[in-house]
Structures are given as C-alpha cells and as structure tokens.
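# Secondary and tertiary structure notes
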Amino acid sequence: MLNDMSIFEQYESEIRAYCRAVPTVFKSSSNAVMVDENGKEYVDFFAGAGVLNFGHNNPKMKKAIISFIERDGVAHSLDMFTDVKRDFIQTFVDVVLKPRKMEHYKLQFTGPTGTNAVEAALKLARKVTGRTEIVAYNRGFHGMTLGALACTANNAFRSSSGVPLTNVIRDTFNDLHALENLRQKMNDLGSGMLPPAAFLVEPVQAEGGVRIATKEWLQGVQKLANDVGALFILDDIQAGCGRCGSYFSFDDLGVEPDIVILAKGLGGFGTPIGMLVNKPEYDKYWGPGQHTGTFRGQGFSFVAGKIGLEYFKDDVLLSGVRSKGATIRQALDELNKLYPNTKIRSKGMMLAMEFESAAIAKQITSKCFEGGLIIGACSTGEIIKFIPPLTIEEATLKKGLDIFTSAVKSVLG
C-alpha cells in the first residue's frame with residue numbers, strides 16, 4: 001500500500017522524532033525537493049539538519065560515487081591509506097587550509113558523527129591540559145553522547161542521560177559582561193572554580209536558534225582561553241561548510257582556534273563523516289588508536305566530500321549563498337513587519353524566526369507540511385530554522401518562502 005506507515009509505528013522505536021512532524025513515506029529526492037510515495041512534492045528547507053548543503057542526490061557527487069563503485073574503490077578502510085582519502089585531504093588543504101594560512105594543522109578523522117568528533121576534541125583537550133572542566137554555553141548543542149551531552153544545554157536532551165552530566169562550567173553565550181565575570185572568577189583563588197581544559201563554542205548556535213557570536217565576544221573568549229592555558233575549540237558542525245556565506249562560519253571574526261570540529265555537510269551526498277582540524281602542537285599528544293572507531297572516514301564520504309570541497313575553489317557558490325540568504329531574510333523581515341512580536345536572526349543561509357511560543361511554531365510547521373514545505377523548529381520549540389540546500393534553485397526557494405508566508409499568516413491571522 002502506497003504511503004503505508006503502519007510498519008514504522010508497529011516496529012520502530014518510540015524514539016523516532018522527525019517523522020512525527022512529517023508523516024509521510026518519501027521515495028525520491030533531488031536538490032531541494034523530496035517526493036513521497038503518493039507523488040506529492042515537498043520543498044526541503046531542512047536539508048538533513050544541515051547535512052545536505054549540496055542538495056539531495058547532487059549529480060556531480062552521484063556520478064563520482066557510481067564511478068567509484070564501478071571501479072571497486074575501497075569503501076571501508078578503517079584508517080588505512082586510500083587514494084580517495086589522499087584526494088580528499090589534498091583538496092581540503094588546498095581549498096580550505098592554505099587560503100587561511102592553516103596548512104600546518106592536522107586532520108583527524110573521527111567516528112562518522114558530529115557528537116563523536118566533539119568527544120574526540122574534549123578528550124584531546126583533557127589530555128593536553130591534564131584538566132577536566134569544559135566551559136560551554138547556554139543554548140549550545142554539541143551532541144547526544146555523554147561528554148558532548150554534558151556540554152549541551154537543552155534540558156530536554158539532557159534529561160535521558162541516566163547519569164550525572166558533569167565537568168562543565170556553563171556560561172552565557174555572546175555576553176561580554178558574563179565573560180568578564182568568568183575571567184574574575186578564574187583569576188580568584190578563592191572562587192573554587194577549577195581552571196578548564198577548553199572553551200567549547202559554536203560561532204553560530206544553530207540548534208540554539210541561530211544565535212550569532214560577535215567578533216568582540218568571540219575574540220574575548222579566545223583571549224581568556226589563552227590566558228588560563230585552556231584550548232579554544234570551535235564547533236562548526238552545522239554552521240560550517242559554506243552555510244554562513246564563507247567556508248567556516250567564523251571566517252569574519254578574526255580568531256585562531258586550536259581545534260575546529262566539522263561533520264554534517266563535510267561528507268556531501270548525505271554520507272557520514274566527522275573530522276577535527278587540530279593545531280599540531282596539540283595533535284602530537286595523541287597516541288596511535290587513542291580515539292579509534294570502525295568508521296573513521298568512509299570511501300563514499302571522501303569521494304562526495306572532495307566534490308563538495310571543489311565548490312569552494314571560486315566564489316560562485318558562496319556568492320549565491322549570500323544572495324539567497326538575503327532573499328530569505330527579506331521575506332522574513334516582511335513577516336516581521338506584520339507580526340512585530342517575532343524576531344529574525346540570520347547569517348548566510350542559516351536563518352531563524354522566533355515566535356512567542358512553541359505551540360505557535362508547531363502550528364506553523366504543520367501548516368507548512370500540509371502546503372508542501374519541510375521545515376523544523378529548534379531551541380525549545382519556539383524558533384523555526386531555515387537551512388535549505390545551498391544549491392536550491394531560485395524558483396524552488398521562492399515557492400518554499402511563499403508556502404511559509406502563507407502558513408504564518410494562516411496561524412497568526
């Protein structure tokens with residue numbers, strides 16, 4: 001039976017989440033459009049939570065993967081050397097690191113998820129410093145495994161851990177006054193505050209509601225980290241890989257991270273990959289296999305990821321990101337004029353519209369789904385986040401924005 005969801009409801013765990021918001025069975029997808037078994041098309045403004053920066057079934061990546069399969073390329077290799085890993089590394093160095101004078105950094109392939117990459121970064125910081133505490137921020141999201149979850153702020157995520165989530169100093173994101181207070185506590189021998197191993201920061205808090213660090217604040221965090229002998233770690237898992245109008249979301253903020261955490265869009269084509277970009281003086285603290293994993297960079301991820309990196313050899317993609325981001329922002333600003341109790345935040349093609357309650361946002365996302373648009377809420381449910389594929393066609397983008405505008409007006413009146 002077409003679009004039959006009964007087997008999922010009967011056998012799949014109650015943990016399932018996204019499917020509850022988009023109750024249909026998808027059969028195909030292309031760039032920014034998904035099609036269900038009934039043939040209904042949906043504009044995708046969610047893009048696999050930021051994985052599909054280059055769209056569903058990117059044709060360049062598909063062609064390269066098919067060729068890789070047909071020549072019996074090495075799909076799984078643990079951390080052994082392969083030709084496609086070499087090609088990926090060389091392209092990343094040439095396209096991303098050298099233009100930023102970062103070619104001395106080391107690339108560490110972790111397990112294939114963002115949360116595993118976060119775990120590796122925390123582990124390395126603790127090895128380097130011999131300390132345990134991590135400074136993390138309110139509304140931050142870093143993953144669902146225990147170390148990363150301890151750094152994640154949302155209590156809805158934290159509540160199922162089953163054990164204490166400790167060794168984290170929680171501070172206020174993008175708040176200079178709070179930063180100065182933290183500095184005073186760290187300099188006060190009577191404060192009882194242990195010096196941290198690292199400061200873990202998202203330059204753009206994606207799941208937290210598209211909250212954007214200022215240059216002054218982020219540079220201040222880096223200086224405090226340097227002053228107290230802690231590592232400065234930037235989590236660019238969702239906001240990186242071109243999402244914010246440059247390869248790293250922090251390219252315009254004048255900082256020099258000790259570790260950059262990447263995943264999601266890095267692999268292209270929806271293939272999983274997690275990677276750290278480490279300063280070599282800290283990377284040398286690793287011994288062979290001290291953060292191991294069965295899936296440390298797969299052949300498919302290297303093949304598709306290299307194609308993804310090639311988009312950044314010139315400014316064509318990124319100029320489109322900035323232009324399309326401005327188009328989305330204009331549509332949201334027009335809605336904000338009609339409904340001034342909303343708030344808009346944006347950087348490149350990551351945008352948020354904040355409503356007065358999670359209930360309102362849920363009604364709007366439901367209306368969007370009915371109208372043929374996939375879009376999700378974030379933070380504690382009151383914020384709707386826009387993360388369409390960077391390659392979305394202008395006509396598809398306009399169609400999605402029209403559906404969203406109609407849904408907002410339908411709910412808010």
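See above for the structure.
Quick summary incoming for the structure in this document. These numbers come from a predicted model, not from an experiment. (Residues numbered from 1 in each chain as written. Predicted model: local features only at pLDDT ≥ 70, side-chain atom pairs only at ≥ 80, totals over all residues. Heavy atoms only, no water.)

### Re the overall build of the protein chain
What the protein chain contains, in helices and strands, is 15 helices and 17 strands. Taken along its principal axes, the extent of the C-alpha atoms in the protein chain is 60 × 55 × 45 Å. The buried share of the protein chain, reckoned over its 413 residues, is 54%. With the model as given, the accessible surface of the protein chain reaches about 18,300 Å², and the carbon-plus-sulfur share is 53%. Taken as two groups, the 46 positive and 45 negative side-chain charges of the protein chain have centres that lie 1 Å from each other. (Helix = DSSP H or I, 4+ residues; strand = E, 2+ residues; numbered from the N terminus. Buried < 20%, exposed > 50% of the residue type's maximum accessible area, 1.4 Å probe, protein only. Areas by Shrake-Rupley, 256 points an atom, 1.4 Å probe, with all protein chains shown as cover. Lys, Arg positive; Asp, Glu negative; His and termini not counted. Charge placed at Lys NZ, Arg CZ, Asp CG, Glu CD.)

### Examining unusual backbone geometry
Where the residue is not glycine, phi is negative for most of them; where a peptide bond is considered, it is trans in most cases. Although it is not a glycine, K101 adopts a positive phi angle of roughly 55°. Counting through the fold element by element, K101 comes out in the loop between α5 (83–97) and β4 (106–109). Classification of K101 by relative accessible area gives exposed; the value is 68%. Even without being glycine, V210 reaches a positive phi, approximately 55°. Mapped onto the fold, V210 is located in the loop between β8 (204–205) and β9 (211–212).

### Some words on the environment of G297
Of note, G297 is situated in the loop between α11 (280–283) and α12 (299–310). Discounting residues that sit within four places of it in the chain, G297 has contacts with S77, L78, T110 and F302. (Contact = heavy atoms within 4.5 Å.)

### Examining the packing of aromatic side chains
Under the defined criterion, the tally for this structure stands at 19 aromatic pairs. Judged by centre distance (5.7 Å) and plane angle (80°), the ring pair of F26 and Y42 falls under edge-to-face. Note that F26 is positioned in strand β1 (residues 26–30) and Y42 in strand β3 (residues 41–44), a separation of 16 residues in sequence. Judged by its relative accessible area of 3%, Y42 is buried. Seen from their ring centres, F248 and F250 are 4.8 Å apart, and the 10° between their planes marks the pair as stacked. Here the aromatic cluster, defined as three or more aromatic residues joined through ring pairs, consists of F54, F88, F92, F109, Y247, F248, F250, F302, Y311 and F312. (Phe/Tyr/Trp six-rings, centres within 6.5 Å; stacked < 30°, edge-to-face > 60°.)

### What to know about the sheet that holds strand β15 (residues 373–374)
The strand order β1-β2-β3-β15 describes an open sheet built from 4 strands, whose pairing is mixed. Strands at the two margins of the open sheet, each flanked by one partner only, are β1 and β15. Strand direction decides the pairing type here: β3 and β15, joined by 2 bridges, are parallel. Bridge assignment links V43 to a residue of β15, and that residue is L373. Each of β2 (33–36), β3 and β15 touches helix α15 (residues 394–412); the most contacted strand, β3, lies at about 95° to it. (Pairing = 2+ DSSP bridges. Axes fitted to C-alpha atoms, helices over the stretch in contact; angles between N-to-C directions.)

### Considerations on the nonpolar core
Counting residues in hydrophobic clusters, the biggest one holds 85 residues, and the most contacted among them are F92, F199, Y247, V277, F386 and F404. In contact with Y247, not counting residues within four places along its chain, are F92, V96, R100, G240, C241, G242, L262, L266, L309, F312 and L318. Core analysis: the next-biggest nonpolar cluster, separate from the first, contains 23 residues, A117, A125, I134 and W286 among them. (Core = buried A, V, L, I, M, F, W, Y, C linked by side-chain atoms within 4.5 Å.)

### As for the pairing of β1
Bridge analysis of β1 against β2 gives 4 bridges, and the strand direction is antiparallel. Within the sheet, the bridge partner assigned to S28 lies in β2 and is V35. In this structure, the hairpin formed by β1 and β2 is closed by a connection of 2 residues, where N31 is found at a positive phi of approximately 50°.

### Description of the packing of α5 against α12
At a minimum axis separation of 9 Å, α5 and α12 run at an interaxial angle of 25°. As judged from the angle between their axes, α5 and α12 are roughly parallel. Pair α5 / α12 crosses with left-handed handedness. Across the interface between the two elements, V84, K85, D87, F88, T91, F92, V95 and V96 from α5 touch G299, F302, V303, G305, K306, L309 and E310 from α12. Residue composition of the contact of α5 with α12, by class: 8 nonpolar, 3 polar and 4 charged. (Parallel < 35°, antiparallel > 145°, perpendicular 65-115°, else oblique. Left-handed = near helix turned anticlockwise from the far one by under 90°. Nonpolar A, V, L, I, M, F, W, Y, C, P; charged D, E, K, R; others polar.)

### Quick word on the sheet that holds strand β14 (residues 350–354)
The strands making up a sheet associate through backbone hydrogen bonding, with each pair oriented either parallel or antiparallel. Spatially, 4 strands are ordered β13-β14-β17-β16 in an open sheet, and the strand pairing comes out antiparallel. The open sheet has two free edges, formed respectively by β13 (343–347) and β16 (376–378), since each of these has just one partner strand. Sheet twist, expressed as the average angle between the axes of neighbouring strands with direction ignored, equals 30°. As paired strands, β16 and strand β17 (residues 383–386) are joined by 3 bridges and run antiparallel to one another. Within the sheet, the bridge partner assigned to A377 lies in β17 and is I384. Packing of helix α13 (residues 316–338) onto the sheet brings it into contact with β13, β14 and β17, and relative to β14 it is tilted by some 10°.

### Section: the packing of helix α14 (residues 358–371) against α15
Two elements in contact, α14 and α15, have axes separated by 9 Å at closest approach and are oriented at 135°. Relative to α15, α14 is oriented oblique. Helix-helix and strand crossings are classified by hand; for α14 and α15 the assignment is right-handed. The segment α14 lies against α15, with I360, Q363, I364, K367, C368 and G371 engaging I403, F404, A407, V408, S410, V411 and L412. In terms of residue class, the contact of α14 with α15 is built from 9 nonpolar, 3 polar and 1 charged.

All we've got here are geometric facts, nothing functional implied.
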